[in-house]
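# Reading the structure
Here is what each chain is made of, one letter per residue.
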Amino acid sequence: MNLLFVILLPLLGALLPPLAIRFGRSASAWTAAAITLAALLFALEPLTTVFAGTPLEAHWAWLPQAGLDIHLRMDGLAALFVLLILGIGLLVILYARYYLAERDPMGRFYGLLLLFMGAMLGIALSDHLLQLLVFWELTSLSSFLLISYWHHRSDARRGARMALAITGAGGLALLAGFLLLGHIVGSYRIVDVLDAGDLIRAHPLYLPTLLLILLGAFTKSAQFPFHFWLPHAMAAPTPVSAYLHSATMVKAGVFLLARLYPALSGTDPWFFLVGGIGLATLLFAAYTALFQHDLKGLLAYSTISHLGLITLLFGIDTPLAAVAGVFHIINHATFKASLFMAAGIIDHETGTRDMRLINGLWKYMPHTATLAMVAASAMAGVPLLNGFLSKEMFFAETLHLSALGALSWILPAAATLAGVFAVAYSARFIHDVFFNGEPIDLPKYPPHEPPRYMKIPVEILVTLCLLVGILPAFTVAPLLDLAAGAVLHGPVPAYSLAIWHGFTLPFAMSLVALTGGIALYSQRHRLFALHDRVFPEVDARALFWIAIERVMDAAHAMTRALENGSQQRYAALLLLAALAAIALPLLGGGVPLGGPVPAAPIDALTLLGALVMMAAAILTVVWQRRRLVAVVALSVVGLVVSLAFVRWSAPDLALTQLSVEVVTIVLLLLALYFLPQQGPAESSPLRRGRDLLLAAGVGGGVGLLAWGMFTRPYATIANYYVENSLSGGGGANVVNVILVDFRGFDTLGEITVLAIAAIGIYALLNNLRLDMPATDAGGRPWSGERYPLVLAQLTRFLLPLALLVSVYLFLRGHNAPGGGFIAGLVTAVALILQYMASGIDWTQQRWRLQYHPIIAAGVLIAAATGAGSWLFDRPFLTSAFGHFHLPLAGEFELATAMLFDLGVYLTVVGVVMLILANLGKLTQRCAACKEGE
Amino acid sequence: MMEAVAALTLAVLVTCGVYLVLRARTFPVVLGLSLLSYAVNLFLFFTGRLVTGAPPLAGGSAPVADPIPQALVLTAIVIGFGMTAFVVILALRARGELGSDHVDGREEER
């Protein structure tokens, strides 16, 4: 359980700092620190177990059928990373409190930082490939947000996008690689994968798997040629750089190499790919770092170079090299984080990061200078500092390699050369910044020491560099042993952490690197000139953006090709696709069209009804341009549909269809008032023929489907509903009981949809201005006599009667045809009749009701009825009913379902009235605006 | 025979509906959608088969028509009205904003 809390605390705790910011910036920082500390506390118990020698596992079932469970595991390697992530995270939180300016939103910063921390812990502790990938992507996303933290700056936005594009693409490759790996092993658990190393290496899919996984690791760890996003990510605030781009996120790539080392290493492709890329990155970045003028740029390239070194160590593929790799992960994290923090302090106090301006800071900030110089010496590999130890192990390993045969001297030579450059750029960091004359035109002058607490994290890290460098056996040895054991998945070879091994070849290489580096730096002016002349700036960023632009252009071209803005074309393509999808299997599959069920004989009346319906539908099409007539034809279809419901035992449907028909036709007529009443003849005969063909195809398909259905045997689950309607729902009208009881939740959803549609329509009608025609299509002016007297008088008498009918339909709905939907429609029809016969003004003077509250009340009553069953410890929407006896009235039944039905009733009335009354009001508003003109 | 006629009616309704949906002006499209929703409702209703004179009322001993498609179609009819209303108002709004009742909001270039 503790393992889960270690991850969940920062992930969920990410919400707190943005909330705590209202109590001040320190409160926000303290919240973040407290959450990190709590995670560290939860990690303590697992850590002690791991240090005692047993890896800790935890498992929660999620989708065991799909092999998707939550698996966490802490072994030595995971323990190392948990310590790095939480320890350095804590220091970064303290540092950032003083680094961020007053105007920077600190709550957001700490929230994102915690989110990232949780994701990173997830990577370290996952024991499932896909789960690891989820956290992997989460680190990409949160780092995107952190890099673009100053989102008002375009370089931050671009740098963030570039980082996301590169690491995100790598993440996709990694997903594919993980899927292949899981396929090979038959399990996605990492422990299983580690045990299956021989199986994986012998598998024909080994090479693609390796390539894809390496693509993921290399993009994340900024290996050549994917390195260029890291320098541009330096647009992030320096605490982010110190945390993500030195200690943690970029280490995720090498973590993956270490994690899967037992499963993937030990082959030629591994040696050449990992070793080769590592070596290229090491050399290229070490060289480039020297020529950066930006303080953080230098550190960024040096980070890339050191990551290359670690990659190369894993690529060398000997147990000792792997130990050295793990060791260098630890050392690099400590000295590089402190260097970034020192660079941030310098930036903070001088206002610039340009090393051509920053000179001679020793005089102004000796304390910071001392710390930075120690850390930079560790980066250079100066004895008595931690960087020296791992670098010497690295040199020693390059010497033992014989895989390259006669060319074996290349690797030690290249390593020494990289060492020379590392010393040179470290020397530049020290000399250029702290000595080398006086500062030039600093934006902030004179610089001075930063706040006390800003230096504490640097001091702690530098002390660690020293302690590990001088007393390795008493400090880092147990952790290194444990982590290396986990990486090797077996016994750790004997190695010595001593500072002095005698005058050996690796020591000689260190000496060459030190002297050579200082010599190189002393010649820097000539070197810079040479560099500028020989290597004109290749701007990887420009190339990247050109590539991105190409992709965007291609995407736009594709969109343009598919979307020409013609809705007719979309509809036709969609229908054609549907037709093809249904027709192809029917044509090819040999499915018999008809079934064994014989057809029933037809009576004359039914045949007549069918003929009328077909004729009316065809006339709707024929008269479609004479729109008023087309509406009349359409209403005939609707009427015959309701007759069909009567014919085949569906009285509820017939009532519903009939009343909906009335409101639909009223709606269409109202709309027609604002639309041209004659449609233009614009489709060519060819187009009409094509459309007709398509329509006939779709229609014929539906007809055949219906025929196929009719002639096949009929099976239903309806008996359950019919049998339990009375006993379970307390009603005899099964349709209504299904609506308000068995499937009440569906109905609740449906009336909610209706309510939303009505609100949407209300919004669409808001501020709508439409031309009102003065005459009808035939040029005759509309009658000024708006409201015919006879109709007005008759409807006034009819209103109470109609309302009474709707009450009757409502009350009996549970046991006989009727119910909330039908009663609501009947009420709406009765009210609309008043609007139509007597006008909006007249009606509204007498009927001062807003329809929004009615809709709201309806949905709320229905929902509250459902929620009411919770009071009785029953599931949502459980209905209850009972029979009561009233004197005079006699026996009657009350059911909670009736209350639910009341909600339905109110919603339907409100929706229909809201739509039609507001559409009707449009005539008034437009008349008013016309007169105002 | 009855079933064949019912299937044929559906075919004609769908054909007319689809043809109208493919027109270039909003109003015929609305008419077409209405025809299509009639057809769809009928089709769903027909999945309970053509049962005569036996409305789904519980309590009797005789078999009754299938209530499930009926319950489904009942709400479908009401929702269908909501959808038609929405499309109609959308068409009005489009005409108000764009000054045309063409489905693409602009007259076709010729």
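Residues numbered from 1 in each chain as written. Chains lettered and ligands numbered in written order. Predicted model: local features only at pLDDT ≥ 70, side-chain atom pairs only at ≥ 80, totals over all residues. Heavy atoms only, no water.

### Some words on the overall build of chain A
Our working rule: A run of H or I in DSSP becomes a helix once it reaches four residues, and a run of E becomes a strand once it reaches two; helices and strands are each numbered from the N terminus. Here the term buried applies to any residue with accessible area under 20% of the maximum for its type, exposed to any over 50%, and partly exposed to those in between, with areas from a 1.4 Å probe on protein chains only. Working rule for contacts: check all heavy atoms of both residues, and any pair within 4.5 Å makes them a contact. Residue-level accessible areas treat just the shown protein chains as cover; the underlying method is Shrake-Rupley with a 1.4 Å probe.
A count of helical and extended segments in chain A gives 39 helices and four strands. Among the 933 residues that make up chain A, the fraction classed as buried is 53%. The long-range fraction of contacts in chain A, counting pairs at least 24 apart against all pairs at least 6 apart in sequence, stands at 78%. Here chain A has roughly 39,800 Å² of accessible surface; of this, 70% comes from carbon and sulfur atoms.

### Re the overall build of chain B
For chain B, the helix and strand inventory stands at three helices and zero strands. For chain B, the succession of helices and strands along the chain, N to C, is α-α-α. Across the 110 residues in chain B, those meeting the buried criterion constitute 63%. The long-range share in chain B, meaning contacts at least 24 apart out of those at least 6 apart in sequence, stands at 53%.

### Description of the pattern of salt bridges
All names here are of chain A. Rule in force here: Note on definitions: salt bridges are taken to be side-chain nitrogens of Lys or Arg within 4 Å of carboxyl oxygens of Asp or Glu.
Considering all chains together, one arrives at 21 salt bridges over all chains under this definition. The partner of Arg 259 in a salt bridge is Asp 75, with the nearest N and O atoms 2.4 Å apart. One end of the pair, Arg 259, is in helix α13 (residues 249-259); the other, Asp 75, is in the loop between β2 (68-74) and α4 (76-99), and 184 residues separate them in sequence. For the pair Arg 259 and Asp 75, one class covers both residues: buried.

### Details of a nonpolar patch on the surface
Residue and element names in this part refer to chain A. Note the cut-off: To count toward a patch, a residue needs a relative accessible area above 30% and no salt bridge. Like charges then connect within 9 Å, nonpolar side chains (Val, Leu, Ile, Met, Phe, Trp, Tyr) within 5 Å.
Residues Leu 384, Ile 460, Leu 464, Leu 466, Leu 467, Ile 470, Leu 471 and Phe 474 make up a contiguous nonpolar surface patch of about 700 Å² in total accessible area. The greatest single-element share of the nonpolar patch, amounting to five residues, is contributed by helix α21 (residues 452-470). Counting through the fold element by element, Leu 471 comes out in the loop between α21 and α22 (472-475). What makes Leu 471 partly exposed here is its relative accessible area of 38%.

### So, empty space enclosed by the protein
Selection criterion: Residues are said to line a cavity or pocket when one of their atoms sits within 4 Å of a point; the points come from a 1 Å grid over protein atoms alone, cavities being sets where a 1.4 Å probe fits but cannot get out and pockets being open sets with protein on both sides within 12 Å along at least five of seven lines. Grid points are joined across faces, edges and corners, and a volume is the space filled by probe spheres set on the points. In this classification, Asp, Glu, Lys and Arg are treated as charged, Ala, Val, Leu, Ile, Met, Phe, Trp, Tyr, Cys and Pro as nonpolar, and every other residue, Gly included, as polar.
Applying the stated criterion across every chain yields a total of eight cavities of 30 Å³ or more. Each pocket or cavity is described by its volume, and for the largest cavity that value is around 120 Å³. Listing elements by their share of the lining of the largest cavity, those giving two or more residues are α30 (651-674) of chain A together with α2 (26-46) and α3 (67-98) of chain B. Counted by class, the lining of the largest cavity contains four nonpolar, seven polar and one charged residues.

### As for the interface of chain A and chain B
Frequently, the measure chosen for interface size is the accessible area removed from exposure when the parts meet. The condition is simple: Buried area: the accessible area, evaluated with a 1.4 Å probe, that two parts lose upon being put together, summed over both parts.
The interface of chain A with chain B comprises 110 residues on the first partner and 81 residues on the second. Here chain A packs against chain B, burying approximately 8,600 Å² in sum over the two surfaces, 76% of which is carbon and sulfur. Area buried by chain A at its contact with chain B is led by Trp648(A), Glu682(A) and Phe710(A), which between them contribute 9% of it. Where chain A meets chain B, there are two salt bridges. The partner of Arg627(A) in a salt bridge is Asp101(B), and the shortest N-O contact between them spans 3.2 Å. Of all the elements, helix α31 (residues 685-710) of chain A adds the most residues to the side of chain A that touches chain B, at 17 residues.

### Re the environment of Val5(B)
Structurally, Val5(B) is set in helix α1 (residues 2-21). Residue classification places Val5(B) among the buried positions, given a relative accessible area of 11%. Setting aside anything within four residues of it in sequence, one finds Val5(B) in contact with Ile602(A), Leu607(A) and Ala610(A).

### Description of the side chain of His332(A)
By the secondary structure assignment, His332(A) is in helix α17 (residues 319-350). Beyond its immediate sequence surroundings of up to four residues, His332(A) is in contact with Ser246(A), Lys251(A), Thr303(A), His306(A) and Ala337(A).

### Here's the deal with the packing of aromatic side chains
Rules: Two aromatic rings, drawn from Phe, Tyr or Trp (for Trp, its six-membered ring), form a pair once their centres lie within 6.5 Å of each other, and the interplanar angle then sorts them: stacked below 30 degrees, edge-to-face above 60, tilted otherwise. By definition here, charges over rings are those cases where NZ of Lys or CZ of Arg is within 6 Å of the ring centre and within 35 degrees of the ring normal.
Summed over the entire model, instances satisfying the criterion amount to 29 aromatic pairs over all chains. Considering the side-chain rings of Phe116(A) and Tyr243(A), the 5.7 Å spacing of their centres and the 75 degrees angle between planes classify their relative orientation as edge-to-face. Of the two residues, Phe116(A) is situated in helix α5 (residues 106-125) and Tyr243(A) in helix α12 (residues 238-247); the sequence distance between them amounts to 127 residues. The exposure class assigned to Phe116(A) is buried, which follows from its relative accessible area of 0%. Measuring from centroid to centroid gives 5.6 Å for Trp648(A) and Phe46(B), while their planes differ by 85 degrees, and the two rings are edge-to-face. Highlighted residues: Trp648(A) in the loop between α29 (627-647) and α30 and Phe46(B) in helix α2, drawn from two different chains. Chaining the aromatic ring pairs together yields one cluster made of Phe645(A), Trp648(A), Phe710(A), Phe45(B) and Phe46(B). It is Arg158(A) that lies over the ring of Trp545(A); its NZ or CZ is 4.6 Å from the centre.

### Details of the pairing of β2(A)
Residue and element names in this part refer to chain A. Spelled out, the test is: Pairing between two strands is assigned when DSSP locates at least 2 bridges connecting them.
Of all seven residues in β2, five are buried; the element is thus mostly enclosed. In this structure, strand β1 (residues 56-63) lies alongside β2, joined through six bridges in antiparallel fashion. Bridge pairing in β2 links Ala 58 to Leu 72. Where β1 folds back on β2, the antiparallel hairpin that results is connected by four residues, among which Gly 67 adopts a positive phi of roughly 70 degrees.

### Comments concerning α13(A)
Residues that lie three or four places apart on an α-helix share one face, since the helix turns once every 3.6 residues. In terms of burial, α13(A) is a largely internal element, 11 of the 11 residues being buried. The complete set of buried residues in α13(A) reads Met249(A), Val250(A), Lys251(A), Ala252(A), Gly253(A), Val254(A), Phe255(A), Leu256(A), Leu257(A), Ala258(A) and Arg259(A).

### Let's talk about the packing of helix α16 (residues 295-316) of chain A against helix α19 (residues 386-399) of chain A
Residues and elements named next belong to chain A. Worth spelling out the cut-off: Axis angles are defined between N-to-C directions and span 0 to 180 degrees, where every axis is a line fitted to C-alpha atoms and, for a helix, only to the segment in contact. The cut-offs work like this: below 35 degrees is roughly parallel, past 145 is roughly antiparallel, 65 to 115 is roughly perpendicular, and the gaps in between are oblique. We call a crossing left-handed when the near helix sits turned anticlockwise from the far one by less than a right angle, and right-handed when that turn is clockwise.
It is at 11 Å that the axes of α16 and α19 come closest, and there the two elements cross at 45 degrees. In this view, α16 runs oblique relative to α19, as classed from their interaxial angle. Of the two elements, α16 crosses α19, and the hand of that crossing is left-handed. Touching His 306, Leu 309, Leu 312, Leu 313 and Ile 316 of α16 are Lys 391, Phe 394 and Thr 398, all from α19. For the contact of α16 with α19, the residue count by class is five nonpolar, two polar and one charged.

### So, helix α18 (residues 366-380) of chain A
Residue and element names in this part refer to chain A. Put simply, the rule is: One less than the number of residues in a helix, times 1.5 Å, gives the span that helix is expected to have.
Helix length check: α18, at 15 residues, gives a terminal C-alpha distance of 20 Å against a target of 21 Å (1.5 Å per residue), a fit within 8%. For α18, the buried fraction is high: 11 of the 15 residues fall into the buried class. When α18 is considered as a whole, its buried residues turn out to be Thr 368, Ala 369, Leu 371, Ala 372, Val 374, Ala 375, Ala 376, Ser 377, Ala 378, Met 379 and Ala 380. Each element contacted by the buried residues of α18 is listed here: α16, α17, α19, α20 (410-434) and α21. A positive backbone phi angle near 90 degrees is found at Gly 381, which sits one or two residues after α18.

### Comments concerning the nonpolar core
Definition in use: Residues enter a nonpolar core if they are buried and are Ala, Val, Leu, Ile, Met, Phe, Trp, Tyr or Cys, with the set joined through side-chain atoms within 4.5 Å.
With 197 residues, the main nonpolar core has Ile200(A), Trp229(A), Leu264(A), Trp270(A) and Phe314(A) as its most contacted residues. No other element matches the 18 residues that α17(A) contributes to this core. If near-sequence neighbours (up to four positions away) are discounted, Phe314(A) is found in contact with Val254(A), Leu257(A), Ala258(A), Tyr261(A), Trp270(A), Val274(A), Ala322(A), Gly325(A), Val326(A), Ile329(A) and Val487(A). Ranked by size, the runner-up nonpolar core spans 124 residues in total, among them Val637(A), Leu672(A), Val859(A) and Ala7(B).

### Examining the confidence of the model for chain A
Condition: The quantity known as pLDDT measures the predictor's confidence residue by residue, on a range of 0 to 100.
The pLDDT averaged across chain A works out to 88; a share of 96% of its residues lies at or above 70. Taking the mean pLDDT of every element in chain A, the minimum, 67, falls on strand β4 (residues 890-895) of chain A and the maximum, 95, on helix α10 (residues 206-220) of chain A.

### With respect to the side chain of Asn331(A)
All names here are of chain A. Selection criterion: Between N or O atoms, a polar contact is any pair within 3.5 Å; within protein, one atom must be a potential hydrogen donor and the other a potential acceptor, and residues adjacent in sequence are included only when both atoms are from side chains.
Of note, Asn 331 is situated in helix α17. Polar side-chain contacts of Asn 331 include one of 3.2 Å to the backbone oxygen of Asn 386. If we ignore the near neighbours within four places in the chain, the residues touching Asn 331 are Asn 386, Ser 390 and Val 468.

### Regarding the confidence of the model for chain B
Residue and element names in this part refer to chain B. This prediction gives chain B a mean pLDDT of 89; 96% of its residues lie at or above 70. When mean pLDDT is taken per element in chain B, α2 scores highest with 94 and α3 scores lowest with 91. Confidence metrics for the complex model read pTM 0.69 and ipTM 0.95.

### A closer look at the environment of Leu80(A)
Residue and element names in this part refer to chain A. Position of Leu 80 among the secondary structure elements: in helix α4. For the pair Leu 80 and Ile 330, spaced 250 residues apart in the sequence, the C-alpha separation amounts to 8.2 Å. Residues within four places of Leu 80 in sequence aside, it is in contact with Val 326, Ile 330, Leu 479 and Ala 483.

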